[in-house]
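What follows is each chain in one-letter form.
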Amino acid sequence: MPGNKAVEYIGPGKVEVRTIDYPVLELRPGPGVPPKNAGRQCPHGVILKVVATNICGSDQHMVRGRTTAPAGLVLGHEITGEVVEKGRDVENIDVGDLVSVPFNIACGRCRMCKQGNTHVCLNVNPERPGGAYGYVDMGGWVGGQAEYVMSPYADWNLLKFPDKDQAMEKILDLAMLADIFPTGYHGCYTAGVTSGSTVYIAGAGPVGLAAACAAYLLGASVAIVGDMNTQRLEQARSFGCETADLTEDATLAEQIEQILGVPEVDAAVDCVGFEAKGRRGDDGPTEQPATVLNSIMEVTRPAGKLGIPGLYVTDDPGASDEAARHGSLSIRIGQGWAKAHQFATGQCPVMRYNRGLMDAILHDRVQIAKAVNATVIPLDEAPNAYEDFDRGEAKKFVLDPHGMLTGKTA
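Residues numbered from 1 in each chain as written. Predicted model: local features only at pLDDT ≥ 70, side-chain atom pairs only at ≥ 80, totals over all residues. Heavy atoms only, no water.

## A few points about the overall build of the protein
A tally of helices and strands in the protein yields 15 helices and 19 strands. Based on the C-alpha atoms only, the size of the protein along its principal axes is roughly 60 × 50 × 40 Å. Of all 410 residues assigned to the protein, the portion counted as buried reaches 57%. Surface exposure of the protein reaches about 16400 Å², of which carbon and sulfur atoms provide 46%. Measuring between centres, the 36 positive side-chain charges of the protein sit 5 Å from its 50 negative side-chain charges. (Helix = DSSP H or I, 4+ residues; strand = E, 2+ residues; numbered from the N terminus. Buried < 20%, exposed > 50% of the residue type's maximum accessible area, 1.4 Å probe, protein only. Areas by Shrake-Rupley, 256 points an atom, 1.4 Å probe, with all protein chains shown as cover. Lys, Arg positive; Asp, Glu negative; His and termini not counted. Charge placed at Lys NZ, Arg CZ, Asp CG, Glu CD.)

Pasting the structure below:
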């Protein structure tokens, strides 16, 4: 068997590229694998040669030590790959197929999957609803920031690109289908963004930029992106977004009024999550995990909707107070109730959106890689990329384990 280099979480602030076992059609015991999942046979799975695998802000939460992720966890849940081996029960996916892998691992058989709620599959994780690759508390499935990875329930989970050569021409855009683009789209869709909508998007990181791109695809008249990072705000402006600089003295509502003429929007999307920071402090921005949720309630019109794809966790060992360590935040729910807001939370059920978004990419209706500034790097440079991402680089890092993306640009 060939080797299999992969990105491992070593401890807070540290990842390394190490050689791990070549995958088999079995979930072997390892870091983060629940005992009831260890040894699970996957004749319904495939082995993928990873063509592209992205670094996600959700990975960064773990790397910062803000979750209970164990040392040795192989990271990575944004995977695009070529099938090199298939299990005996796989019928509709063949060796040689180029596929997008939803970050949600779903069985296709349980009640939730049959209702389209693949983000909370009941069968892939014995400890809680929902599974994912390379993520804490999500079933222990080995991550895809690697040269090769196993993907279970292949017929159900994998999205096959219809034309391999065409797909490789647009591979950086299609690499965003595993998570970031559907997640941004999900945030806007569940917030009710439609033709003519005005929408505020909290956070100009990759998911926020993907949400802004999705907002325009859905027909928004104005997408306003808020952040404290000037480089990321500049990236948002590069494809037509308005921006709110949250380091300025003007409040968010005042900046929205300067743009729209009124201090409110039709819809809002939280693309920040639990590591949110307040706008100002004596020593600069301070962590205030509920600040984004409270601010989007403030600026969304009555009867508006709030999409919340930003990550919130049940256990945060690095939180600033005891309540937040257990996911309890000081949310002004009375404000949201009084304004009759609707909230949509949880991970994105990628399979709801990825086929339609694939077609939009293939037919030149959207350029998501350019919007998020997709930047290709070798797998070996992943540790440096994590550091750059943590410093706020306005880039979506795409790892290239086999050199198949060389020369590709957003």
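## With respect to helix α6 (residues 180-190)
When you tally the buried positions in α6, you get nine out of eleven residues, the bulk of the element. Listing the buried residues of α6 in full gives Ile-180, Phe-181, Pro-182, Thr-183, Gly-184, Tyr-185, His-186, Gly-187 and Cys-188. A positive backbone phi angle near 80° is found at Gly-192, which sits one or two residues after α6.

## Some thoughts on unusual backbone geometry
In this model, Tyr-153 sits at a positive phi of 45°, which is unusual for a non-glycine residue. In this structure, Tyr-153 sits in the loop between β10 (148-151) and α3 (154-157). Here Tyr-153 falls in the buried class, since its relative accessible area comes to 9%. The phi angle at Ala-340 is positive, at roughly 55°, despite the residue not being glycine. Structurally, Ala-340 can be placed in the loop between α12 (333-338) and β17 (342-345). Exposure remark for Ala-340: the relative accessible area of 45% places this residue in the partly exposed category.

## Let's talk about a nonpolar patch on the surface
A contiguous nonpolar patch, built from Ile-331, Ile-333 and Phe-343 and spanning about 260 Å² of accessible area, is present on the exposed surface. Inspection of the secondary structure assignment puts Phe-343 in strand β17. (Patch = residues over 30% accessible without salt bridge, like charges linked within 9 Å, V, L, I, M, F, W, Y side chains within 5 Å. Salt bridge = Lys/Arg side-chain N within 4 Å of Asp/Glu carboxyl O.)

## Here we look at the environment of Lys-396
Locating Lys-396 in the fold gives a position in strand β19 (residues 396-400). Classification of Lys-396 by relative accessible area gives buried; the value is 2%. Expressed as a C-alpha distance, the spacing of Lys-396 and Gly-278, which sit 118 residues apart in the sequence, is 24 Å. Among residues more than four places away in sequence, those in contact with Lys-396 are Asn-54, Ile-55, Cys-56, Glu-78, Met-176, Ile-180, Pro-206, Val-372, Asn-373, Ala-374 and Thr-375. (Contact = heavy atoms within 4.5 Å.)

## Side note on the packing of aromatic side chains
As enumerated under the stated definition, the model contains four aromatic pairs in all. Taken together, a centroid distance of 5.0 Å and an interplanar angle of 55° make the contact between Tyr-22 and Tyr-148 tilted. Taken together, the residues Tyr-22 in the loop between β2 (14-19) and β3 (26-27) and Tyr-148 in strand β10 connect sequence positions 126 residues apart. When sorted by exposure, Tyr-22 lands in the same class as Tyr-148, which is buried. Plain terms: the ring middles of Tyr-189 and Tyr-353 are 5.9 Å apart, the flat faces sit at 65° to each other, and that makes the pair edge-to-face. (Phe/Tyr/Trp six-rings, centres within 6.5 Å; stacked < 30°, edge-to-face > 60°.)

## With respect to the packing of α6 against helix α7 (residues 206-218)
For the pair α6 and α7, interaxial distance at closest approach is 7 Å and the crossing angle is 60°. Between α6 and α7, the interaxial angle falls into the category oblique. Note that α6 runs across α7; the crossing there is right-handed. Two secondary-structure elements touch here, α6 through Ile-180, Phe-181, Thr-183, Gly-184, Tyr-185, Cys-188 and Tyr-189 and α7 through Pro-206, Val-207, Ala-210, Ala-211, Ala-214, Ala-215, Leu-217 and Leu-218. (Axes fitted to C-alpha atoms, helices over the stretch in contact; angles between N-to-C directions. Parallel < 35°, antiparallel > 145°, perpendicular 65-115°, else oblique. Left-handed = near helix turned anticlockwise from the far one by under 90°.)

On their own, these measurements won't tell you what the molecule is for.
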